[in-house]
Amino acid sequence: MEEEDDCPELVPIDPKPPVSSVGQIPVTIITGYLGAGKTTLLNYILTEQHNKRIAVILNEFGEGSALEKSLAVSQAGELYEEWLELRNGCLCCSVKDNGLKAIENLMEKKGKFDYILLETTGLADPGAVASMFWVDAELGSDIYLDGIVTVIDAKYGLQQLSEEKAEGLLNEAARQIALADLTIINKTDLVSGEDLDRVKDTVRSINGLVKIVETQRSRVDLSEVLDLHSFDTENAANLSEKLHLMRSPHPHLDKSILTVTFEVPGDLSEDALNLFVQDLLWEKLFLNKGGQPMTVIRLKGIVALAGKDHQVMLQGVHELYELNETPERWEENVRINRLVFIGRNLDKDVLQEHFLARVLHKLDN
Ligand SMILES: Nc1nc2c(ncn2[C@@H]2O[C@H](COP(=O)(O)OP(=O)(O)OP(=O)(O)O)[C@@H](O)[C@H]2O)c(=O)[nH]1
Ligand SMILES: [Zn+2]
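Going by an unreviewed UniProt entry, the protein chain carries the name COBW domain containing and comes from Neogobius melanostomus. For the record of the protein chain, the UniProt heading Catalytic activity (unreviewed entry) holds the text "GTP + H2O = GDP + phosphate + H(+)".

And the structure:
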């Protein structure tokens, strides 16, 4: 297909991949479907460890990078960040240049790191990201791929895995598991033992080799995640399996999923916000202009609640959502609500209208 011409070509890996990685910097790719707990894992790693200089690279889906960034990055730990902008929202078609550039920029600015963590978007194909570290020989001398870690939502994982895709589209969630060296089944607090077993069986059926750990709030023993050396020569079987998977047909992002963001200055009424979110996530009351109900898979926001000095973070994954006060204070007179919605049938104008009409705190009494 024509449009695929620009995508990075996979080249056969050198028969002798780097044996040991002395002096090289490991990269761990952290992937997983929307809202599974990737950023929670990153933040956990950054706060947990103290003897590595870790660089974090995030990539972004859709618009709203400034907001996502502020949502995603923790204050704690020694943290450097670089931002990957995606062209056309298709990771495989843009990650190579941008990804390499992001890493080069990071190194230029900050010198060497001990470790790089790369969080992909929830809809990414980690194979395309991984291949970035193999196609560029020059970079290959500095950096090596240590492993692919896939975070799975214990509550919504099965649903995500069984979602039917339009022809030609692969189920991203399944692909992320197929490519994983380690899967972290997260949010075990939200499911029964039986449900958890079902998730594990499904993961096993997709990837018979993968290691599985179970977590809450992505709290995992760091030795399980870092320095896996999944692609060293000793792990030849693993490597050939991966290469096989990465050669399978070029996947594209699910184009029906899109991102809507907007900013609204002013204070929000907490009760009205709760009702708005519930009507959106639970009741699915909001229709797009074609009359289809908007389905939000992922919701993020920083909001200003009336009477609160601190910024409040709004997080939603499917029907679950939470509002948490952050340590960040609003500056005087710049209380601006920023929201990100990722889902199907979304219409920005309609969403924004509902939001403005219902949630903004009225000063009229
Ligand atoms: N109940 C519960 N909630 C969790 C757990 N881990 C993370 N969450 C919540 O799930 C939501 C999404 O977590 P993130 O870490 O932002 O997920 P993500 O995979 O980075 O999301 P995207 O980057 O948008 O794909 C947040 O509201 C978290 O607080 C858990 O173990 N249990
Ligand atoms: Zn994230």
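(A) Examining the sheet that holds strand E10 (residues 310-317) more closely. The five strands lie next to each other as E8-E12-E9-E10-E11, forming an open sheet whose pairing is antiparallel. Lying at the two open borders of the sheet, with one neighbouring strand each, are strand E8 (257-265) and strand E11 (320-329). Direction aside, neighbouring strands of the sheet carry axes that sit 15° apart on average. Relative to strand E12 (residues 336-344), strand E9 (residues 295-303) runs antiparallel, the two sharing seven bridges. Across the sheet, Leu299 pairs through a bridge with Phe341, a residue of E12. Lying on the sheet, helix H12 (residues 348-358) is in contact with E8 and E12; it crosses E8 at an angle near 35°.

(B) Molecular detail of the pairing of E11. Pairing of E10 with E11 involves seven bridges; the strand directions are antiparallel. Across the sheet, the residue bridging to Met313 is Asn324, located in E11. Counting the residues that bridge the hairpin from E10 to E11 gives two residues, and of these His318 lies at a positive phi of roughly 50°.

(C) Layout of the site of ligand 1. Residues in contact with ligand 1 amount to 20 residues; listed here are only the nearest, Lys38, Thr40, Arg217, Arg298 and Glu322. Interatomic distance of 2.7 Å between a side-chain N/O atom of Lys38 and an oxygen atom of ligand 1. Within the contact set of ligand 1, an oxygen atom lies 3.2 Å away from a side-chain nitrogen or oxygen of Glu119. Coverage of ligand 1 by the protein chains reaches 90% of its 670 Å² of free accessible surface. Of all the elements in the fold, those that place two or more residues in the shell around ligand 1 are helix H1 (38-48), E9 and E10. Counting residues per element, the shell around ligand 1 draws most heavily on H1, which supplies three residues. Residue composition of the shell around ligand 1, by class: five nonpolar, seven polar and eight charged.

(D) Structural view of the side chain of Asn207. One can find Asn207 in the loop between helix H8 (193-206) and strand E7 (211-214). On the accessibility criterion, Asn207 (4% relative accessible area) is buried. Within polar-contact distance, the side chain of Asn207 engages the backbone oxygen of Ala178 at 3.1 Å. Ignoring any residue separated from it by four or fewer positions in sequence, one finds Asn207 in contact with Ile177, Ala178, Leu179 and Ala180.

(E) Quick peek at the pattern of salt bridges. Overall, the coordinates contain 15 salt bridges when judged by the stated rule. Two residues, Arg198 and Asp195, come together in a salt bridge whose shortest N-O distance is 3.3 Å. Of the two residues, Arg198 and Asp195 both sit in helix H8, three residues apart, roughly one turn of that helix. Classification of Arg198 by relative accessible area gives partly exposed; the value is 44%. With a closest N to O distance of 2.6 Å, Arg335 and Asp267 form a salt bridge. Taken as a pair, Arg335 in the loop between E11 and E12 and Asp267 in the loop between E8 and helix H11 (270-281) lie far apart in primary sequence, 68 residues in all. Judged by relative accessible area, which is 25%, Asp267 ranks as partly exposed. Through salt bridges that share partners, Asp197, Lys200 and Glu214 make up one connected network.

Cut-offs applied
- Residues numbered from 1 in each chain as written.
- Chains lettered and ligands numbered in written order.
- Predicted model: local features only at pLDDT ≥ 70, side-chain atom pairs only at ≥ 80, totals over all residues.
- Heavy atoms only, no water.
- UniProt positions renumbered as here; feature names shortened; annotations may be inferred.
- Pairing = 2+ DSSP bridges.
- Helix = DSSP H or I, 4+ residues; strand = E, 2+ residues; numbered from the N terminus.
- Axes fitted to C-alpha atoms, helices over the stretch in contact; angles between N-to-C directions.
- Contact = heavy atoms within 4.5 Å.
- Near = heavy atom within 4 Å.
- Polar contact = N/O pair within 3.5 Å; in protein donor to acceptor, adjacent residues only side chain to side chain.
- Areas by Shrake-Rupley, 256 points an atom, 1.4 Å probe, with all protein chains shown as cover.
- Nonpolar A, V, L, I, M, F, W, Y, C, P; charged D, E, K, R; others polar.
- Buried < 20%, exposed > 50% of the residue type's maximum accessible area, 1.4 Å probe, protein only.
- Salt bridge = Lys/Arg side-chain N within 4 Å of Asp/Glu carboxyl O.

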